[in-house]
Amino acid sequence: MTPIDISPPAGWTQIQTIDAHTGGEPLRIVTDGLPPIEGETILEKRQYMQRELDRYRQALMYEPRGHADMYGAILVEPTVDDADIGVLFTHNEGYSTMCGHGIIALGAILAESNLVENKAEELRIETPAGIVTAQPIDDGDRVSRVAFTNVPSFVYARDRTVTVPGIGELQYDIAFGGAFYAYCQATDAGVGLTGADAASLIDVGRKIKAAVAADCEIIHPYEGDLSFLYGVIFTGPANGAADSRNICVFADGEIDRCPTGTGVSGRLALGHEDETIAPTEPFTVESIVGSTFTGSYTETTYGGYDAVIPTIEGSAYITGVHTFVLDPTDPFKNGFLL
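None of these values were measured; they are calculated from a predicted model.

Further remarks concern the side chain of His 220. Within the secondary structure, His 220 is located in the loop between helix H5 (198–215) and strand S12 (229–236). Among the polar contacts listed, one links the side chain of His 220 to the backbone nitrogen of Tyr 222, at a separation of 3.0 Å. Every residue in contact with His 220, bar those within four places of it in the chain, is listed here: Phe 176, Phe 180, Leu 226, Ser 227 and Tyr 302.

In structure tokens:
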């Protein structure tokens, strides 16, 4: 077959990406093609992207190039000297603060590419939530797994009760694992934890998120930009050999295909507080599609909270290398969602 040669006209925007998945959850990594993202800190870069360049997030996350459950990572220059690279995370609603599955995928791809100069055993990645470190694990042929050490994670609220439309009274906890999540038992919310339950999980997750956000003011101990409820995590027994299953509904009704690395970090903080998970004890969580992350923690303090430093391990796989183009005459160049 003759190779296809297409040269976009001058003036068309061309954006380079590497696509991957971690435990089934997609990640579109933007490596080139965006205008400079300004800011003296990573949070200022996040604000600049939101304010000035959000059309590029929409073009890459939305249809026809993406879909309602697409997730992205935009590589940026770090703003601190001890980081190898910076990253902004994107989704259908906007910009998250940390992403465990994203760090796992970046750890694998950065270790096997020329995107960073550092090829040490540990990659330091600057996220809006802080510095996280990724440790690629090489099996001789490729990076088969990545472990990352997260930002300090802590329990923010415990055993609160809220009235949710269509559900009634629901008990929940809130924990921070790089983002704030509300945790509840799936049985209490009246939902299952299988792929067949996806539509009801999204519907109920949206309702719980709105009710919890109205019920409990969230204030991060240091950064106002991190002070918001990112998602809802439903927990229950595992189907396989894992210790538990959880399903995260985040952003605007996105359902995580992987176990959610930041969500597992919050579960480690909850397990530490109620003494159901001991320090350094492995805790394996499975996702809606059966993929697993294994986490453990050490103890620390953070912003006046008893906290943990989680380490989460999982696997990622490259699915494609792309050049996306934006035709200035295309009425859907900035994307749309149904």
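There's plenty left to go through after this.
Here the focus is the side chain of Ser 265. Along the chain, the position of Ser 265 falls in helix H6 (residues 261–273). Taking relative accessible area as the criterion, Ser 265 reaches 0% and is therefore assigned buried. Discounting chain neighbours no more than four positions away, the residues touching Ser 265 are Asn 150, Ser 153, Gly 177, Val 308, Pro 310 and Ile 312.

Here we take up the nonpolar core. Counting residues in hydrophobic clusters, the biggest one holds 107 residues, and the most contacted among them are Ile 174, Ile 208 and Phe 234. For this core, the element with the highest residue contribution is helix H3 (residues 100–111), accounting for 7 residues. The contact partners of Ile 174, leaving out residues within four places of it in the chain, are Val 155, Tyr 156, Ala 157, Phe 180, Tyr 181, Ala 182, Val 212, Cys 216 and Ile 218.

Attention now goes to empty space enclosed by the protein. Counted under the stated rule, the structure contains 2 cavities of 30 Å³ or more. One number sums up the size of the largest cavity: a volume of about 90 Å³. Forming the boundary of the largest cavity are 14 residues, of which Cys 99, Tyr 181, Asp 256, Thr 260 and Thr 262 lie nearest the centre. For the lining of the largest cavity, the elements supplying multiple residues, two or more each, are H3, strand S13 (244–250) and H6. Of the residues in the lining of the largest cavity, the class split is 8 nonpolar, 5 polar and 1 charged. Taken as a whole, the second largest cavity holds about 50 Å³ of empty space. Forming the boundary of the second largest cavity are Arg 28, Val 30, Leu 34, Met 49, Tyr 56, Arg 57, Leu 60, Met 61, Gly 72, Ala 73, Ile 74 and Thr 90. Those elements that provide at least two residues to the lining of the second largest cavity are strand S2 (25–32), helix H2 (54–61) and strand S3 (72–76).

Two aromatic rings, taken as a pair, are described by how far apart their centres are and by the angle between their planes. The final tally for this structure, using the stated rule, is 15 aromatic pairs. Where Tyr 156 meets Phe 180, the ring centres are 5.4 Å apart and the plane angle is 70°; that geometry is what we call edge-to-face. Of this pair, Tyr 156 sits in strand S9 (residues 153–164) while Phe 180 sits in strand S11 (residues 180–185), and the two are 24 residues apart along the sequence. On the basis of relative accessible area, Tyr 156 is assigned to the buried category, the value being 19%. For Phe 180, a relative accessible area of 0% translates into the label buried.

A few words on the pairing of S9. Regular strands show a simple pattern: their side chains alternate between the two faces of the sheet. The pairing of S9 with strand S17 (residues 305–314) spans 2 bridges and is antiparallel. In the sheet register, Phe 154 faces S17, and the bridge partner there is Ala 307. The pairing of S9 with strand S10 (residues 168–176) spans 8 bridges and is classified as antiparallel. Looking at the pairing, Phe 154 lines up with Phe 176 of S10. Where S9 folds back on S10, the antiparallel hairpin that results is connected by 3 residues, among which Gly 166 adopts a positive phi of roughly 85°.

This part takes up a negative patch on the surface. A cluster of acidic side chains, namely Glu 112, Asp 138, Asp 139 and Asp 141, defines a negative patch on the protein surface. Examined against the element boundaries, Asp 141 turns out to sit in the loop between strand S7 (130–138) and strand S8 (143–149). Overall, the relative accessible area of 75% leaves Asp 141 in the exposed class.

Moving on, we come to H5. The terminal C-alpha atoms of H5, which comprises 18 residues, lie 25 Å apart, in line with the 26 Å expected from a rise of 1.5 Å per residue. Regarding H5, the residues found buried are Leu 201, Ile 202, Val 204, Gly 205, Ile 208, Lys 209, Ala 211 and Val 212.

Two side chains that carry opposite charge are able to pair once their charged atoms sit near each other. In this structure the tally under the stated criterion is 14 salt bridges. Among the ionic pairs, Arg 158 bridges to Glu 273, the shortest N-O distance being 2.9 Å. Residue Arg 158 is found in strand S9, and its partner Glu 273 is found in helix H6; the two are separated by 115 residues along the sequence. Relative accessible area serves as the criterion here: at 27%, Arg 158 is assigned to the partly exposed category. The class for Glu 273 is partly exposed, based on a relative accessible area of 45%. It is possible to trace a salt-bridge network through shared partners that takes in Arg 158, Asp 173, Glu 273 and Asp 274.

Rules behind the numbers
Residues numbered from 1 in each chain as written. Predicted model: local features only at pLDDT ≥ 70, side-chain atom pairs only at ≥ 80, totals over all residues. Heavy atoms only, no water. Helix = DSSP H or I, 4+ residues; strand = E, 2+ residues; numbered from the N terminus. Polar contact = N/O pair within 3.5 Å; in protein donor to acceptor, adjacent residues only side chain to side chain. Contact = heavy atoms within 4.5 Å. Buried < 20%, exposed > 50% of the residue type's maximum accessible area, 1.4 Å probe, protein only. Core = buried A, V, L, I, M, F, W, Y, C linked by side-chain atoms within 4.5 Å. 1 Å grid on protein atoms, 1.4 Å probe; cavity = no way out; pocket = protein on both sides within 12 Å on 5 of 7 lines; lining within 4 Å. Points joined across faces, edges and corners; volume = space filled by probe spheres on them. Nonpolar A, V, L, I, M, F, W, Y, C, P; charged D, E, K, R; others polar. Phe/Tyr/Trp six-rings, centres within 6.5 Å; stacked < 30°, edge-to-face > 60°. Pairing = 2+ DSSP bridges. Patch = residues over 30% accessible without salt bridge, like charges linked within 9 Å, V, L, I, M, F, W, Y side chains within 5 Å. Areas by Shrake-Rupley, 256 points an atom, 1.4 Å probe, with all protein chains shown as cover. Salt bridge = Lys/Arg side-chain N within 4 Å of Asp/Glu carboxyl O. Lys, Arg positive; Asp, Glu negative; His and termini not counted. Charge placed at Lys NZ, Arg CZ, Asp CG, Glu CD. Expected span 1.5 Å × (residues − 1).

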